[in-house]
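Letter by letter, the chains look like this.
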Amino acid sequence: MKTFSKYVAIVVVVLLVAAGVAFGLLFGGLQESPLKQQVGSMHLITDGSFVRSTIAIIPAGPNEVVLVDAGLQSTGEAILAELAAMHLNADAVKAIFLTHGHPDHIGAAAAFPEAQLMALAEEADLVAERNGPNPTGLELDRKLHDGETVQIGSLAVGVYAIPGHTDGSAAYLIDGVLFLGDSADARTDQSMQSAHRFFSNNLGQNEESLRQLYRRLEASGLEVRTMAFAHSGVLQGLGLAPLAAWVQDNPG
Ligand SMILES: [Zn+2]
């Protein structure tokens, strides 16, 4: 028995080390997303689930906010708590802009009765999980298109198609903050990297999308102060410099 438990212990240690190495390879060097963070008037929170995906709560006027993504938790508990701290309730959420349809971004999408659910038209099937074993029942109230600007209260939301992580992945430019969802990540050295290869449909397409996004934003003259990532916090106040540096290192 003694030798047996020794073997078990060895196997457990080996498995733990392997898991650690795999985790390091997957997530090494990435900035951690803080549980809560304020960027200007925007409240960036995570919903306490292990994936730590970020939800942005963005004031759009009196009693009016917009969300970017909706976390993993279906009850929306963490979002409701943050709204309460802002003296708001669920009805204040007028729109939810999904960066894409993965489960850790659409969790609470049905928890806000006044909210119009929006994502790129190309993402509608993934949001509904129409081809999967467990359809979510989520239908988009508005199907977005590349290049359009959506006005919600005082907020103008610029919509950019950046396919690759998923077919209908979007970036949103809102009040100088560029939301990139899972299409890129921030590293601890304040640089940027492209989407995770293991979780992405098409890494080559993701990288080409990031190059195109950079060119478009540069040419537009629109102000970008901060880049926000769904699982690795923000690169605040650096403008497009981290994306510019990435494009220079990855010319395609
Ligand atoms: Zn994703």
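Scroll up to find the structure this text is about.
Each value, and the rule that gives it
- Here the residue numbering is sequential within each chain, running from 1 through the sequence in written order.
- Owing to the predicted nature of the model, reporting of local features is limited to residues with pLDDT of at least 70; listing and counting of side-chain atom pairs is limited to 80 or more, with chain, interface and lining totals taken over all residues.
- Secondary structure elements follow DSSP: runs of H or I no shorter than four residues count as helices, runs of E no shorter than two count as strands, and numbering proceeds from the N terminus.
- Every helix has an expected span of 1.5 Å times one less than the residues it contains.
- Any residue whose C-beta has 12 or fewer other C-beta atoms within 10 Å is treated as exposed, any with 20 or more as buried, and any in between as partly exposed, C-beta atoms being built from the backbone.
- This arc describes the spread of directions from the helix axis toward the C-beta atoms.
- Two residues qualify as being in contact provided that their C-beta atoms, derived from the backbone, are within 7 Å of each other.
- Any nonpolar core is a set of buried residues, restricted to Ala, Val, Leu, Ile, Met, Phe, Trp, Tyr and Cys, that join up through C-beta atoms within 7 Å.
- Lines fitted to C-alpha atoms define the axes, with helix axes restricted to the stretch in contact, and inter-axis angles between N-to-C directions lie between 0 and 180 degrees.
- Our angle categories are set so that under 35 degrees counts as roughly parallel, over 145 as roughly antiparallel, 65 to 115 as roughly perpendicular, and the remainder as oblique.
- When the near helix sits turned anticlockwise from the far one by under a right angle, the crossing is termed left-handed; a clockwise turn instead gives a right-handed crossing.
- In the scheme used here, Gly and all other residues not listed as nonpolar or charged are polar, with Ala, Val, Leu, Ile, Met, Phe, Trp, Tyr, Cys and Pro taken as nonpolar and Asp, Glu, Lys and Arg as charged.
- Here, a strand pair is defined by DSSP locating no fewer than two bridges between the strands.

## Here we look at the overall build of the protein chain
At step 1: A count of helices and strands for the protein chain gives 6 helices and 15 strands.
At step 2: For the protein chain, the C-alpha atoms occupy an extent of roughly 70 × 45 × 35 Å along the three principal directions.

## Some details on helix H5 (residues 203-220)
At step 1: Taking 1.5 Å per residue as the helical rise, H5 with its 18 residues ought to reach 26 Å, and the 25 Å between its terminal C-alpha atoms agrees with that figure.
At step 2: Regarding H5, the residues found buried are Asn 206, Glu 207, Ser 209, Leu 210, Leu 213 and Leu 217. Each buried residue of H5 lies within a common arc of 155° when the element is viewed along its axis, so the set occupies one face. Away from its buried face by more than 90 degrees, H5 exposes Gly 204, Arg 215 and Ala 219.
At step 3: Packing partners of the buried residues in H5 comprise strand E9 (155-161), strand E10 (170-174), strand E12 (184-186), strand E13 (192-194) and helix H6 (241-249).
At step 4: Positive backbone phi, at 75°, marks Gly 221, one or two positions downstream of H5.

## So, the nonpolar core
At step 1: Of all hydrophobic cores here, the largest spans 65 residues; its most connected members are Ala 56, Ile 57, Leu 67, Ile 96, Phe 97, Phe 179 and Ala 228.
At step 2: Each residue touching Phe 179, except ones within four places of it in the same chain, is listed here: Ala 56, Val 68, Thr 99, Ala 171, Tyr 172, Ile 174 and Ala 228.

## Observations concerning the packing of H5 against H6
At step 1: The geometry of H5 relative to H6 is characterised by a closest axis approach of 10 Å and an angle of 125° between their N-to-C directions. Put simply, H5 runs oblique to H6. When you trace H5 past H6, the crossing you get is left-handed. Of the residues in H6, those touching H5 at Leu 210, Arg 211 and Tyr 214 are Leu 243, Ala 244, Trp 246 and Val 247.
At step 2: Along the lines of polarity and charge, the residues of the contact of H5 with H6 split into 6 nonpolar, no polar and 1 charged.

## Topic: the sheet that holds strand E5 (residues 93-97)
Each strand in a sheet pairs with its neighbour through backbone hydrogen bonds, running either in the same direction (parallel) or in the opposite one (antiparallel).
At step 1: Across the sheet, which stays open at both edges, the 7 strands sit in the order E1-E2-E3-E4-E5-E6-E7 with mixed pairing between neighbours. Bordering the open sheet on either side are strand E1 (36-39) and strand E7 (142-144), each of which pairs with just one other strand. Between one strand axis and the next, the sheet turns by 20° as a mean value, whatever way the strands run.
At step 2: Of the strands in this sheet, strand E2 (42-46) and strand E3 (54-61) touch helix H2 (residues 77-85), which is tilted by about 35° from E3.

## What to know about the environment of Ser 33
At step 1: Within the element layout of this structure, Ser 33 appears in the loop between helix H1 (2-27) and E1.
At step 2: Residue Ser 33 is classed as buried on the basis of its C-beta count, with 23 C-beta atoms lying within 10 Å.
At step 3: The sequence separation of Ser 33 and Thr 54 amounts to 21 residues, and the corresponding C-alpha distance is 7.5 Å.
At step 4: For Ser 33, the residues in contact, after removing those within four places along its chain, are Thr 46, Arg 52, Thr 54, His 231, Ser 232 and Gly 233.

These figures come from the coordinates and say nothing about function on their own.
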